[in-house]
Amino acid sequence: MAEGGGSVMRQRGRRAQHHGYILLRVETVEDSAWISQPDAARRLGVSTARLGMVIANGHLTPAHNSAGRAGVTIISVQAEEAWRANATIRAKSLRLLRDTINWF
């Protein structure tokens, strides 16, 4: 805590740390550039819970549509699809290790 009872917030790219929690800055994008989280999970072949982990690890870009619904950008889903299709077992293993370490 900063003097005077205020909270301390540090910016880290698109993320900010606030009392030990990482807050994602979510932008509003055009509907044509947005996809819902359940639809993104289906496209990637993962559960919505796993999709949340992919978002939290920074592999997908969270976004709101014009109605304020939470989702991700289509561009980030396309990039993730391409990465999953082309990544070697070694690259996937290293990503899993790095993501696991980031949770501690």
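Keep in mind that what you see is a predicted model, and the values were worked out from it rather than measured.

**Student:** Sorry, what's going on with the overall build of the chain here?
**Tutor:** Check the secondary structure of the chain and you find 4 helices and 7 strands. In the chain, the succession of helices and strands from N to C terminus is β-β-β-β-β-α-α-β-β-α-α. Considering the chain as a whole, with its 104 residues, one finds that 27% of them fall into the buried category. Sequence separation of at least 24 residues holds for 52% of the intrachain contacts in the chain that already meet a minimum separation of 6. Taken as a whole, the chain presents about 7,100 Å² of accessible surface, with 56% of it coming from carbon and sulfur.

**Student:** Can you walk me through the sheet that holds strand 7 (residues 70–73) in this structure?
**Tutor:** Paired through their backbone hydrogen bonds, the strands of a sheet run either parallel or antiparallel. Taken in spatial order, the 4 strands of this open sheet run 4-6-7-5, and their pairing is mixed. The open sheet has two free edges, formed respectively by strand 4 (27–28) and strand 5 (34–36), since each of these has just one partner strand. Where strand 5 meets strand 7, 3 bridges bridge the pair, whose relative direction is antiparallel. Looking at strand 7, one finds that serine 36 is bridged to glycine 71. Relative to strand 5, helix 1 (residues 37–44) is tilted by about 85°, and along the sheet it contacts strand 5 and strand 7.

**Student:** What is the right way to look at the pairing of strand 7 in this model?
**Tutor:** Side-chain positions along a regular strand alternate between the two faces of the sheet. Pairing of strand 6 (residues 62–64) with strand 7 involves 3 bridges; the strand directions are antiparallel. Its bridge partner lying in strand 7, alanine 63 is registered against glycine 71. Hairpin connection from strand 6 to strand 7: 5 residues lie between these consecutive antiparallel strands, with glycine 68 at a positive phi of about 85°.

**Student:** Honestly, the packing of helix 1 against helix 2 (residues 48–56) in this entry has me stumped. Any pointers?
**Tutor:** Helix-helix packing is characterised by the crossing angle of the two axes and by the distance between the axes. Taken N-terminus to C-terminus, the directions of helix 1 and helix 2 make an angle of 95°; their axes are 9 Å apart at the nearest point. Relative to helix 2, helix 1 is oriented roughly perpendicular. Judged by residue contacts, Gln37, Pro38, Ala40, Ala41 and Leu44 of helix 1 engage Thr48, Leu51 and Ile55 from helix 2. Classifying every residue of the contact of helix 1 with helix 2 gives 6 nonpolar, 2 polar and no charged.

**Student:** Teacher, can you tell me more about the packing of aromatic side chains here?
**Tutor:** The geometry of an aromatic ring pair is captured by two quantities: the separation of the ring centres and the angle between the planes. Here the structure, examined in full by the defined rule, presents 0 aromatic pairs. For arginine 95, the ring lying beneath its charged end belongs to tryptophan 83, and the centroid distance is 3.7 Å.

**Student:** Explanation requested: the side chain of aspartate 99 in the structure shown.
**Tutor:** Positionally, aspartate 99 belongs in helix 4 (residues 89–102). No salt bridge forms around the buried aspartate 99; measuring N to O, its nearest opposite-charge neighbour arginine 95 is 4.7 Å away. A polar contact of 2.9 Å, which involves the side chain of aspartate 99, links it to the side chain of histidine 59. Discounting chain neighbours no more than four positions away, the residues touching aspartate 99 are Asn57 and His59.

What counts and how
- Residues numbered from 1 in each chain as written.
- Predicted model: local features only at pLDDT ≥ 70, side-chain atom pairs only at ≥ 80, totals over all residues.
- Heavy atoms only, no water.
- Helix = DSSP H or I, 4+ residues; strand = E, 2+ residues; numbered from the N terminus.
- Buried < 20%, exposed > 50% of the residue type's maximum accessible area, 1.4 Å probe, protein only.
- Contact = heavy atoms within 4.5 Å.
- Areas by Shrake-Rupley, 256 points an atom, 1.4 Å probe, with all protein chains shown as cover.
- Pairing = 2+ DSSP bridges.
- Axes fitted to C-alpha atoms, helices over the stretch in contact; angles between N-to-C directions.
- Parallel < 35°, antiparallel > 145°, perpendicular 65-115°, else oblique.
- Nonpolar A, V, L, I, M, F, W, Y, C, P; charged D, E, K, R; others polar.
- Phe/Tyr/Trp six-rings, centres within 6.5 Å; stacked < 30°, edge-to-face > 60°.
- Lys NZ or Arg CZ within 6 Å of the ring centre and 35° of its normal.
- Lys, Arg positive; Asp, Glu negative; His and termini not counted.
- Salt bridge = Lys/Arg side-chain N within 4 Å of Asp/Glu carboxyl O.
- Polar contact = N/O pair within 3.5 Å; in protein donor to acceptor, adjacent residues only side chain to side chain.

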